[in-house]
Amino acid sequence: MRKPPFDDILVRKAFVHLFNRERLIEKFFHNEYIPIDSYYPGGLYANPDNPRYRYDPKKARELFTQAGYKMTEGKWVSKEGVPMGASLLSTAGMANILKIYQEDLQKEGVELRLEIVKPQELLQNIMRQQFQMAIISWTGEYFPDPENAWESTLADKPHSFNICGVKSEKIDRICKVYRRMFLQRQRVSAIREIDDALMKLQPYALGWGKDYERILYFKKFGYPQGHLSKTGDFWDVLSVWWIDPAKEDALQKTISAPAAQLERGEVEQRYWLQEKES
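Nothing here was measured: the structure is a model prediction, and the numbers come from that model.

(A) Quick look at the overall build of the chain. Assigned secondary structure in the chain consists of eleven helices and nine strands. For the chain, the spread of C-alpha atoms along the three principal axes comes to 75 × 50 × 40 Å. Of all 278 residues assigned to the chain, the portion counted as buried reaches 37%. Counted over contacts in the chain with a minimum sequence separation of 6, partners at least 24 positions apart contribute 68%.

As structure tokens, then:
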């Protein structure tokens with residue numbers, strides 16, 4: 001948002017509509033992930049009324065035109081004669097994925113230059129605000145701290161978490177009252193307002209995530225209902241699981257007798273979703 005062409009909301013939205021997440025999820029992740037449609041995904045804080053931005057080249061063309069660009073010899077060009085393009089910082093591990101995005105942009109007259117750097121260099125450039133585009137991933141917080149991520153006073157401050165340089169009077173107003181909110185329902189409502197504002201601003205293109213945990217284990221453990229705590233992850237195994245002597249004995253006998261087989265256990269556990277689905 002700090003540098004052209006991404007200081008224009010129309011251009012940001014056009015790039016989002018050329019980000020074919022469904023294709024990437026199918027090609028690289030075997031449809032095991034889902035597109036993210038919130039800046040606070042996976043819980044109460046996500047605004048359920050958020051728009052779903054999807055791959056739509058026609059819409060992208062309309063947005064480029066609205067932003068004042070014209071298609072000239074197969075490329076989008078600004079009024080000043082500058083071709084539409086950008087450089088994207090990435091690590092080598094994401095290169096194959098980003099080449100798909102690069103190809104999709106090229107088909108629509110946009111040049112994307114991939115700059116492959118080491119992980120530490122990527123992080124340094126991002127925190128120093130020395131980038132045009134970059135791809136990174138992070139986890140969310142149990143209790144959102146919008147001030148730390150979005151307040152305008154941090155937008156141009158290096159090493160802050162307002163990475164994209166968001167400056168929004170609406171978000172600033174909400175942040176000021178949010179810190180004094182005691183009731184969760186108030187905080188949820190406030191974060192959903194911020195989520196709505198961010199979806200309209202599109203400071204960065206949302207990627208993909210998962211709404212589950214994958215665990216592979218020997219069938220010798222006991223565990224509580226749900227396997228994990230309601231808000232936990234695979235690290236819960238260390239604190240809430242235990243070795244079941246009977247299961248461990250059966251496992252050892254099966255290992256010693258190759259022809260023997262253990263009964264197949266649960267493949268999918270939806271304990272914490274039952275209330276939500278009912």
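(B) Main features of the pairing of strand 4 (residues 85–90). The buried fraction of strand 4 is high, at six of six residues. Alternating residues of strand 4 divide into G85, S87 and L89 and A86, L88 and S90, and every residue in both groups is buried. Relative to strand 5 (residues 111–116), strand 4 is paired through six bridges, and the arrangement is parallel. Considered in strand 5, the bridge of A86 is made with L112. Crossover strand 4 to strand 5 through helix 4 (residues 95–107) is right-handed. For strand 4 and strand 6 (residues 133–134), the ladder comprises two bridges, and the chain directions are parallel. Its bridge partner lying in strand 6, L89 is registered against A134.

(C) Fine view of the packing of helix 7 (residues 169–178) against helix 8 (residues 184–201). Two elements in contact, helix 7 and helix 8, have axes whose closest approach is 10 Å; the angle formed by their N-to-C orientations is 160°. Between helix 7 and helix 8, the interaxial angle falls into the category roughly antiparallel. As for how helix 7 packs across helix 8, the hand of that crossing is left-handed. Judged by residue contacts, K170, I171, I174 and Y178 of helix 7 engage R187, A190, I191, E193, I194, D196, A197, L198 and L201 from helix 8. Its residues assigned to classes, the contact of helix 7 with helix 8 shows nine nonpolar, no polar and four charged.

The rules behind the values
- Residues numbered from 1 in each chain as written.
- Predicted model: local features only at pLDDT ≥ 70, side-chain atom pairs only at ≥ 80, totals over all residues.
- Heavy atoms only, no water.
- Helix = DSSP H or I, 4+ residues; strand = E, 2+ residues; numbered from the N terminus.
- Buried < 20%, exposed > 50% of the residue type's maximum accessible area, 1.4 Å probe, protein only.
- Contact = heavy atoms within 4.5 Å.
- Pairing = 2+ DSSP bridges.
- Right-handed = clockwise from strand over helix to strand, strands pointing away.
- Axes fitted to C-alpha atoms, helices over the stretch in contact; angles between N-to-C directions.
- Parallel < 35°, antiparallel > 145°, perpendicular 65-115°, else oblique.
- Left-handed = near helix turned anticlockwise from the far one by under 90°.
- Nonpolar A, V, L, I, M, F, W, Y, C, P; charged D, E, K, R; others polar.

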